[in-house]
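# Notes for the structure review
These are the residues of each chain, in order.
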Amino acid sequence: MIKKELGLGMLLVVIAAITGAINPAFLSLVNLLNMANLIGLFGVFALGEGLVIITGGIDLSLGSMFALLGVVFIDLLTTYQVPWPFALLAVLLGGLVLGGIQGFLVTRLKMQPFIVTLCGLLIYRGAARYYTSDSTRGFGYGDEAGTLSSIASGNVAGIPNTFILLIILALVLGVLLHRSVYGRWLYAVGKNEEAARFSGINTNLVIATAYIISGGLAGVSTVLFVFYTNSVSPSSFGNFYELYAIAAAVLGGCSLRGGEGSILGIVLGTALLQVLQNLVNILGIPNSLNFAVMGTVILIGVLADQQLQARRRRKVALASVARTTPRSASAQEKSAPPRGAAVVPTRTGDQA
């Protein structure tokens, strides 16, 4: 994984240098801080998506989850005048519950993750539109959550709080994934769920917790995006954000087959995706082609993953052949008769 992350970091530096050479404004402090803010916004829920992908699953419902939790969050603050700590807690619990429901359907009812999360995408979006009668929700001119707003959209020494939060979450999840037993279980389940089950791992619990963590991080991202946009349109809020998360995870080295990926790679993939988006804007490419760029990025990432997998299988096959060849040769030498044995007649019992 170190080679993947190192290569991704070098690619990020090269693309950033090319973009800066095309337009020096890319390297301006204002643009860099704005990109750091966007990396923080999209990186938080990309981490959760990456954990799900490592287990061999996928979550297509993130964008619709943002819409549903977003309209509920704003309604709690503006309509029902709920104090912001309780509204924040409700949104976080809502994300955990939605993730837990999806994990239950995948593990207990043995439904395909693609089908479960695709249905979640449709259900959450439809519920958000029905709840608001398809109207936009916003804060208006009130100051219902001024403290939370300053935390979510503020900065420390010029560095956006969203980026700082991403670094903190990446460190915590990095320890969880790479330095804990649970992380080894995640990789084992992604590599071969049946083998992991026979080895004594509670595979259902591991997979379900991955979806729960993803739902909780989606709740955190909902709050961040609500204060970034200051309004929620249930028909468009969070549209295709799950594609950003999948693209960032795939670029970061997460295999859609499961069992591969790292937290650092996901963060670097998110940063690379935002740099590419910035490059598209600098080159004057229409915004309507952003999704085409993302689709191309995902396609290239999957093709690269296939080539790496094939190359790894060839290396393993050649190494196994190299190990077995000397042994078979030595076995043949041991079983071969000594020289001269063919010319010495063997005495049978009758001859004796």
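Within an unreviewed UniProt entry, the label attached to the chain reads Sugar ABC transporter permease, and the organism entered is Bradyrhizobium betae. Per UniProt, the chain carries the Subcellular location (unreviewed entry) text "Cell membrane".

### Remarks on the packing of aromatic side chains
Scanning all chains against the criterion turns up 13 aromatic pairs. On the basis of an interplanar angle of 75° and a centroid distance of 5.1 Å, the ring pair of F45 and F66 is categorised as edge-to-face. Of the two residues, F45 is situated in helix α2 (residues 29-54) and F66 in helix α3 (residues 62-78); the sequence distance between them amounts to 21 residues. Neither F45 nor F66 differs from the other in exposure class; each is buried. Within the aromatic cluster, the residues linked to one another by ring pairs are F42, F45, F66, F225, Y241 and Y244.

### Focus on the confidence of the model for the chain
In this model, the chain carries a mean pLDDT of 87, and residues with pLDDT of at least 70 account for 90%. Of the regions scoring below 50 in pLDDT, residues 340-352 engages in 2 contacts with residues more than four places distant in sequence or in other chains.

### Here we look at a positive patch on the surface
Residues K3, R311, R313, R314 and K315 make up a contiguous surface patch of positive charge. No other element matches helix α13 (residues 290-335), which puts 4 residues into the positive patch. Mapped onto the secondary structure, R313 falls in helix α13. The exposed category is assigned to R313, whose relative accessible area is 53%.

### Description of the packing of helix α6 (residues 146-153) against helix α10 (residues 203-229)
In contact at an axis separation of 9 Å, α6 and α10 are set at 95° when each is read in the N-to-C sense. The orientation of α6 with respect to α10, classified from their angle, is roughly perpendicular. Along the contact surface, α6 presents L148, S149 and A152, while α10 presents V223, L224 and F227. Here the residues of the contact of α6 with α10 are counted per class, giving 5 nonpolar, 1 polar and no charged.

### Overview of the environment of I298
Inspection of the secondary structure assignment puts I298 in helix α13. Separated by 41 residues in sequence, I298 and R257 have C-alpha atoms that sit 14 Å apart. Setting aside its immediate chain neighbours within four residues, I298 contacts L243, A247 and V250.

### A look at the UniProt feature "transmembrane region" (unreviewed entry) in the chain
UniProt records the feature "transmembrane region" (unreviewed entry) for residues 7-26, 32-53, 60-80, 86-106, 113-131, 151-177, 205-228 and 289-305 in the present numbering. The span residues 7-26 shows a helical share of 80% and a strand share of 0%, and its end C-alpha atoms are spaced 22 Å apart. Annotated as 100% helix and 0% strand, the span residues 205-228 places its first and last C-alpha atoms 34 Å apart.

### Overview of unusual backbone geometry
The backbone phi angle of K110 is positive, close to 55°, even though this residue is not glycine. Along the chain, the position of K110 falls in the loop between α4 (84-107) and α5 (113-131). Phi is positive for F240, close to 65°, though the residue is something other than glycine. By the element assignment, F240 lies in the loop between β4 (231-232) and α11 (241-251). F240 sits in the partly exposed class, given a relative accessible area of 42%.

Analysis parameters
Residues numbered from 1 in each chain as written. Predicted model: local features only at pLDDT ≥ 70, side-chain atom pairs only at ≥ 80, totals over all residues. Heavy atoms only, no water. UniProt positions renumbered as here; feature names shortened; annotations may be inferred. Phe/Tyr/Trp six-rings, centres within 6.5 Å; stacked < 30°, edge-to-face > 60°. Helix = DSSP H or I, 4+ residues; strand = E, 2+ residues; numbered from the N terminus. Buried < 20%, exposed > 50% of the residue type's maximum accessible area, 1.4 Å probe, protein only. pLDDT = per-residue confidence, 0-100. Contact = heavy atoms within 4.5 Å. Patch = residues over 30% accessible without salt bridge, like charges linked within 9 Å, V, L, I, M, F, W, Y side chains within 5 Å. Areas by Shrake-Rupley, 256 points an atom, 1.4 Å probe, with all protein chains shown as cover. Salt bridge = Lys/Arg side-chain N within 4 Å of Asp/Glu carboxyl O. Lys, Arg positive; Asp, Glu negative; His and termini not counted. Charge placed at Lys NZ, Arg CZ, Asp CG, Glu CD. Axes fitted to C-alpha atoms, helices over the stretch in contact; angles between N-to-C directions. Parallel < 35°, antiparallel > 145°, perpendicular 65-115°, else oblique. Nonpolar A, V, L, I, M, F, W, Y, C, P; charged D, E, K, R; others polar.

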